[in-house]
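Structural features, examined
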Amino acid sequence: MKNPSTRRVTCFLCVMALLAASAWSQSTTPDPQREQRIQWWRQARFGMFIHWGLYAVPAGEWKGKPIPGIGEWIMNRARIPVAEYEQLARQFNPVKFNAEEWVRLAKDAGMKYIVITSKHHDGFAMYGSKASSYNIVDATPFKRDPMKELAAACRKAGIRLCFYYSHAQDWHERDGAGNDWDFPPDPQKNFAKYFEEKAKPQVRELLANYGPLGLIWFDTPRLITKEQAVEITALVHKLQPSCLVSGRVGHNAGDYDSAGDNQISVGLVRRDWETPVTMNDTWGFKKDDHNWKSVPVLIRQLVRITSRGGNYLLNVGPTAEGEIPQPSVERLREIGQWLRVNGESIYGTSPNPFTYNLEWGFITTREGKLYLHLLDWPQKQLTVYGIRNKIRNAYLLADRGRKHLAFKQEGDPAIDFYSTSIQLPVAPPDKYDSIIALEIRGGPNVLPALAQQPSGTISLEAHLADVHKATSGSVIAFDPRGVVTGWVDARDWLSWDFRIFRPGTYDLIALTTLRRMPRAAGPEWQGGHRMLVEVAGKQLRSTMSEDGRFVDPSNPLMTYVTSKLGQVTIDKAGAFQLALKAESMEGQGKLGLALAAVRLVPAK
Ligand code: H79
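In short, a report on the structure. Here the residue numbers are simple positions, counted from 1 along each chain's written sequence. Restriction of local features to residues with pLDDT of at least 70 applies here, the model being predicted, together with a cutoff of 80 or more for giving and counting side-chain atom pairs; totals for whole chains, interfaces and linings are based on all residues. The basis for every side-chain value is the complete set of heavy atoms in the structure, and neither hydrogens nor water enter the calculation.

Concerning the overall build of the protein
We count a stretch as a helix when DSSP gives it H or I for four or more residues in a row; a strand needs E for two or more, and each element gets its number in order from the N terminus. If you tally the helices and strands in the protein, you get 13 helices and 29 strands. Note that the radius of gyration is over C-alpha atoms, with the globule rule given as 2.2 Å times the number of residues to the power 0.38. Relative to the globule expectation of 25 Å for 604 residues, the C-alpha radius of gyration of the protein, 25 Å, shows essentially globular dimensions. Dimensions of the protein, computed from C-alpha atoms along their principal axes, come out at roughly 75 × 60 × 50 Å. Contacts are assigned to residue pairs that have any heavy atoms within 4.5 Å of one another. Put simply, 73% of the contacts in the protein that link residues at least 6 apart link residues at least 24 apart. Surface accessibility in these figures is a Shrake-Rupley result with a 1.4 Å probe; residues are shielded only by whichever protein chains are displayed. Carbon and sulfur atoms make up 50% of the accessible area of the protein, which totals about 24000 Å². For the protein, the distance from the average position of its 75 positive side-chain charges to the average position of its 63 negative side-chain charges is 3 Å. Here Asp and Glu are counted as negative and Lys and Arg as positive; His is not counted, and neither are the chain ends. Throughout, a charge is located at the NZ atom of Lys, the CZ atom of Arg, the CG atom of Asp or the CD atom of Glu.

A closer look at the pattern of salt bridges
It is possible for side chains bearing opposite charge to pair when their charged atoms get close. Salt bridges, as used here, are contacts in which a Lys or Arg side-chain nitrogen is within 4 Å of a carboxyl oxygen on Asp or Glu. Counted under the stated rule, the structure contains 30 salt bridges. Residue aspartate 272 pairs with arginine 42 through a salt bridge whose shortest N-O separation is 2.8 Å. Highlighted residues: aspartate 272 in the loop between strand 8 (257-258) and strand 9 (273-277) and arginine 42 in helix 3 (residues 39-44), separated in sequence by 230 residues. Using a relative accessible area of 10% as the deciding quantity, one classes aspartate 272 as buried. Classification of residues uses two cut-offs on accessible area relative to the type maximum, computed with a 1.4 Å probe and protein chains only: under 20% is buried, over 50% is exposed, and between them is partly exposed. Overall, arginine 42 belongs to the partly exposed group, its relative accessible area being 22%.

Thoughts on the sheet that holds strand 17 (residues 434-439)
Sheet strands pair via backbone hydrogen bonds, and the direction of the pair is either parallel or antiparallel. Whether two strands pair depends on DSSP finding at least two bridges between them. Spatially, the four strands line up as an open sheet ordered 11-12-17-14, and their pairing is antiparallel. Each of the sheet's edge strands pairs with one partner strand only, and the pair in question is strand 11 (362-366) and strand 14 (393-396). The mean angle between the axes of side-by-side strands here comes to 20 degrees, regardless of whether they run parallel or antiparallel. The convention used is that axes are lines fitted to C-alpha atoms, helices contributing only their stretch in contact, and that angles between N-to-C directions extend from 0 to 180 degrees.

A short note on the environment of tryptophan 360
For tryptophan 360, the position within the fold is in the loop between helix 13 (326-342) and strand 11. Through-space distance from the C-alpha of tryptophan 360 to that of phenylalanine 501 is 18 Å; in sequence the pair is 141 residues apart. Setting aside residues up to four positions removed in sequence, tryptophan 360 forms contacts with Leu372, His373, Leu374, Leu382, Thr383 and Val384.

Some words on the pairing of strand 11
Burial analysis of strand 11 places four of its five residues in the buried class, which makes it a mostly covered element. By the bridge criterion, five bridges tie strand 11 to strand 12 (residues 369-374) in an arrangement that is antiparallel. Across the sheet, isoleucine 363 pairs through a bridge with leucine 372, a residue of strand 12.

Describing the site of the ligand
Near is defined per residue: the residue qualifies when any heavy atom it owns lies within 4 Å of the molecule or strand. Near the ligand lie 16 residues; those nearest to it are His51, Glu72, His120, His121 and Asp219. Any pair of nitrogen or oxygen atoms within 3.5 Å is treated as a polar contact; in protein, a donor-acceptor pairing is required on top of that, and neighbouring residues in sequence qualify only through side-chain atoms on both sides. Between an oxygen atom of the ligand and a side-chain N or O atom of histidine 51, the distance comes to 2.6 Å. The separation between an oxygen atom of the ligand and a polar side-chain atom of histidine 120 is 2.7 Å.

Observations concerning the packing of aromatic side chains
In this scheme Phe, Tyr and Trp rings, the latter by its six-membered ring, pair at centre separations within 6.5 Å, and the angle between planes marks the pair as stacked below 30 degrees, edge-to-face above 60, and tilted otherwise. Inspection of the entire model under this criterion finds 24 aromatic pairs. Consider the rings of tryptophan 73 and tryptophan 171, whose centres lie 5.1 Å apart with planes at 65 degrees: the pair is edge-to-face. Of this pair, tryptophan 73 sits in the loop between strand 3 (65-66) and helix 4 (74-77) while tryptophan 171 sits in the loop between strand 5 (160-165) and helix 10 (191-209), and the two are 98 residues apart along the sequence. A single burial state applies to tryptophan 73 and to tryptophan 171, both of which are buried. By the ring-pair criterion, three or more aromatic residues cluster together here, those being Phe49, Tyr164, Trp217 and Trp283. For a lysine, the NZ atom is tested; for an arginine, the CZ atom; a charge sits over a ring if that atom is within 6 Å of the ring centre and within 35 degrees of the ring normal. Sitting over the ring of tyrosine 347, lysine 112 keeps its end group 4.4 Å from the ring centre. It is lysine 148 that lies over the ring of tyrosine 210; its NZ or CZ is 5.1 Å from the centre.

Brief notes about helix 7 (residues 99-108)
Among the residues of helix 7, those classed as buried are Ala99, Trp102, Val103, Leu105 and Ala106. For helix 7, the arc enclosing every buried residue in end-on projection is 155 degrees, short of the 170-degree limit, so these residues lie on one face. The inward-facing, buried residues of helix 7 abut strand 1 (46-50), strand 4 (113-119), helix 9 (146-157) and helix 13. Capping the start of helix 7 is the job of one residue whose side-chain oxygen sits 3.0 Å from the backbone nitrogen of glutamate 100: asparagine 98. It is the directions from the helix axis to the C-beta atoms whose arc is reported.

Encoded structure:
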């Protein structure tokens, strides 16, 4: 048995990569109040993130120079003195802002909640604040409170309004975290003073003046102590007991987990989590960022996250005039059209009942139904292994007539082999994701074991490995993406139990990931490790080298490197174990291996 607690150990590489941006933990004690307040959020699955603030004025350019990086960070990246940045307020006059239009766009996109920046790290409040005059009502020619208008529009439309609030970083204030170009470095700050005098009063205002809120999305806890994180969470819950607190409040104090920015977990279910995602490469508007994700990629992300039990918080960055960029509008409308037909397979669904990812697409479920999401339309039929439910009916969700699809269930219970084949029309009914609905009785019942797929491939995903630590000091662990990182001790090893239904010869391939540490020096990938695979009574030795690379478009922060580990013949069906060991680990103490999977692929 795997001990779930070993899965939670945070690895140091990952902590470094995510420190600034994420909070990933498992809620320990069931809390009935939390269960109550999170109900709507579990149903919602899809929300709109809005990054809107003074940074939309420079829109990525300062004094004629483009400033690299995310747009809302321009004050920090260009080291703009407070006295200069403040002047932007006088130019901020978003006369084209129309709360009802924004809310309608979110609603038409199928989004159920809006999370908007009430104050980002630049310290500027986008609402009328009594606690600080550095706010949109008091400091801009606009003088209106857009949050009041959004609150009214959301109430009318039945959308939950939520506020992003940066509770630790505040580059406008001497004692807020982050600004070391006007003020002393963070360790010399009186953070408690900032927390008491600005953060807490402003959070009180947000909860008091805008009606019922869905959640407060805190971010980058930085200097926050555990006491402060617990305190501000309690403050939110005291003022609005049904208002959720995001995981990034810090110290595991929040109501749900937040994955890193743009970071989509491939494993790990049975918890509440959310990934915030940019539609291009910035959160706050940048005039030169045209790197828009395509609709197929966005829908794939939504489906991938939903199939793992998460929520998808998709960002738009309105301009300083108050308009949501047209490329965002177009994409949201397309997603909305898809959801109008297929929303049943998203809202309020439960995750993929298999612990592993399917090679042909994604699964979501609800009582009595399995939804098979086909983002790449197969030829004539789809075969799925491992479904033990008796299927009562099959049809395409996009087919209003619900024409019955022919299907066949067969197998060999002696080897736990269950195969379901469904006949499909030649053309997909949807250009993005066609969904087969399978009617079953009750909940899903699938083979729990990691097993061979219809293509013949067995994908031993890292997040399903048994981890064998050499010492109690081993830092090998699962990271929030489902990757095993911190494998720097050659004596640590991994193993998987799996089922084979079709004997044959297999190429063994390791999938490792590039390191993602923007500020750290060193190689993004390192090979040279000497590996030993033990499987089906055989030993295979190899040296890790880069044989190929690929990116999964729906998971843009994961670039995979493939490495051949050898070839093995397995001559009978049944249960097997594969052990992956390192005989030597290069770059000891530094990089080690970041393993996403080992695949057994039928040899040609
Ligand atoms: O609000 C969005 C981001 O501004 C915020 N989280 C999302 C939702 C966020 N705050 N911090 N981070 C994300 C981590 C930021 C890291 C970086 Fe940078 C900012 C990488 C590039 C710019 C800081 C400056 C680190 C390197 C340069």
